[in-house]
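# Breakdown of the fold
Listed below, chain by chain, are the residues.
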Amino acid sequence: QVQLVESGGGSVQAGGSLRLSCAVSGSTSSSYAMGWFRQAPGKEREFVAAINFSGVTTDYRDSVKGRFTISRDNAKNTLYLRMNTLEPEDTAVYYCAASAFSMGPYTRTKMYADWGQGTQVTVSS
């Protein structure tokens, strides 16, 4: 069983920055990739970013490319999402997730079996 706990959310003005963290505990031996998703009220959960086990390969949704950076520190069992130049459209609950599949696409929620509880990010204009 894998447990994921997000932190670092909050309220910022447009143009500001936040760094989200996801602490991973439990068995991670079968995890090949991790990702960040977000969900705004009344909308479906959507892909934000993903990273493979080694941290070499990353993927982002088009709207956050150049602004967000996903990274991981396996020695610390922690996943990160650095968010710069935040926009009101980024407002959502952000979730981290862990995948046990060795191949993607990691943009799909179906690829992830373990999810955190989410952390709120609010960006005001």
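The following paragraphs examine the structure supplied in this document. All residue numbers here refer to positions counted from 1 along the written sequence of the relevant chain. Reporting of local features is limited, given that this is a predicted model, to residues whose pLDDT is at least 70; pairs of side-chain atoms are given and counted only at 80 or more, and all residues count toward the totals for whole chains, interfaces and linings. Each side-chain value is derived from all of the structure's non-hydrogen atoms; neither hydrogens nor water enter the calculation.

## Some points on the environment of Tyr 80
- A run of DSSP states H or I qualifies as a helix once it reaches four residues; a run of E qualifies as a strand once it reaches two. Both are numbered from the N-terminal end. On the secondary structure map, Tyr 80 appears in strand E8 (residues 78-83).
- Think of it in three bands: with a 1.4 Å probe and only protein chains considered, a residue is buried below 20% of the maximum accessible area for its type, exposed above 50%, and partly exposed in between. What makes Tyr 80 buried here is its relative accessible area of 15%.
- Distance in space between the C-alpha atoms of Tyr 80 and Glu 6 is 9.3 Å, their sequence separation being 74 residues.
- By the convention used here, residues are in contact when the closest approach between their heavy atoms is within 4.5 Å. With sequence-adjacent residues up to four places away left out, Tyr 80 is seen in contact with Arg 19, Leu 20, Ser 21, Trp 36, Thr 69, Ile 70, Ser 71, Arg 72 and Asp 73.

## Concerning the environment of Ser 25
- Position of Ser 25 relative to the elements: it lies in strand E3 (residues 18-26).
- Distance in space between the C-alpha atoms of Ser 25 and Gln 3 is 5.2 Å, their sequence separation being 22 residues.
- Every residue in contact with Ser 25, bar those within four places of it in the chain, is listed here: Gln 1, Val 2 and Gln 3.

## Brief notes about the sheet that holds strand E7 (residues 68-73)
- Taken together, the four strands give an open sheet; going across it, the order is E1-E3-E8-E7, and neighbouring strands pair in antiparallel fashion. The open sheet has two free edges, formed respectively by strand E1 (2-7) and E7, since each of these has just one partner strand. Strand-to-strand twist of the sheet, defined as the mean angle between neighbouring strand axes without regard to direction, takes the value 15°.
- Paired strands are those between which DSSP finds at least two bridges. As defined by bridge partners, E1 adjoins E3 across six bridges and the pair is classed as antiparallel. Residue Ser 7 lies in a different strand from E3, and its bridge partner there is Ser 21. Here the axes come from fitting lines to C-alpha atoms, over the contacting stretch only for helices, and the angles between their N-to-C directions go from 0 to 180 degrees.

## Examining the nonpolar core
- Grouped together as the largest cluster of nonpolar side chains are 26 residues, with contacts concentrated most on Trp 36, Phe 68, Leu 81, Met 83 and Tyr 94.
- Every element with two or more residues in this core is listed here: E1, E3, strand E4 (33-39), strand E5 (46-52), E7, E8, strand E9 (92-99) and strand E11 (119-124).
- Take the buried Ala, Val, Leu, Ile, Met, Phe, Trp, Tyr and Cys residues and link them wherever side-chain atoms come within 4.5 Å; each set so joined is a nonpolar core. Of all hydrophobic cores here, the second largest spans eight residues; its members include Ala 50, Ala 97, Tyr 106 and Met 111.

## Regarding the packing of aromatic side chains
- Working definition: rings of Phe, Tyr and Trp (its six-membered ring) pair if their centres are within 6.5 Å, and the pair is stacked with planes under 30 degrees apart, edge-to-face with planes over 60 apart, and tilted otherwise. In this structure the tally under the stated criterion is five aromatic pairs.
- Measuring from ring centre to ring centre gives 5.7 Å for Phe 37 and Phe 47, while their planes differ by 75°; the resulting arrangement is edge-to-face. Within this pair, whereas Phe 37 is found in strand E4, its partner Phe 47 is found in strand E5, the two being separated by ten residues in sequence.
- Judged by centre distance (5.1 Å) and plane angle (80°), the rings of Phe 37 and Tyr 112 are edge-to-face. Highlighted residues: Phe 37 in strand E4 and Tyr 112 in the loop between E9 and strand E10 (114-115), separated in sequence by 75 residues.

## Structural notes on the state of the cysteines
- Working definition: a disulfide is two cysteine sulfur atoms within 2.5 Å of each other. Counted under the stated rule, the structure contains one disulfide.
- Across the disulfide from Cys 22 sits Cys 96; the S-S distance is 2.0 Å. When the S-S torsion is 55°, as for the bridge of Cys 22 with Cys 96, the disulfide is right-handed. Remark: Cys 96 occurs in strand E9 and Cys 22 occurs in strand E3; sequence separation between them is 74 residues.
- Cys 22 gets classed as buried once you look at its relative accessible area, which sits at 0%.

## Comments concerning the pattern of salt bridges
- By convention in these notes, a salt bridge is any Lys or Arg side-chain nitrogen within 4 Å of a carboxyl oxygen on Asp or Glu. One pass over the full model with this rule turns up six salt bridges.
- Of the charged contacts, one joins Arg 38 and Asp 90 as a salt bridge, the two residues approaching to 2.9 Å between their closest N and O atoms. One end of the pair, Arg 38, is in strand E4; the other, Asp 90, is in the loop between E8 and E9, and 52 residues separate them in sequence.
- The buried category is assigned to Arg 38, whose relative accessible area is 5%.
- With its nearest N and O atoms 2.8 Å apart, the salt bridge here joins Asp 90 to Arg 67. Of this pair, Asp 90 sits in the loop between E8 and E9 while Arg 67 sits in the loop between strand E6 (58-60) and E7, and the two are 23 residues apart along the sequence. As far as the burial class goes, Asp 90 and Arg 67 line up, both buried.
- Connected through shared salt-bridge partners, Arg 38, Glu 46, Arg 61, Arg 67, Glu 87 and Asp 90 make up one network.

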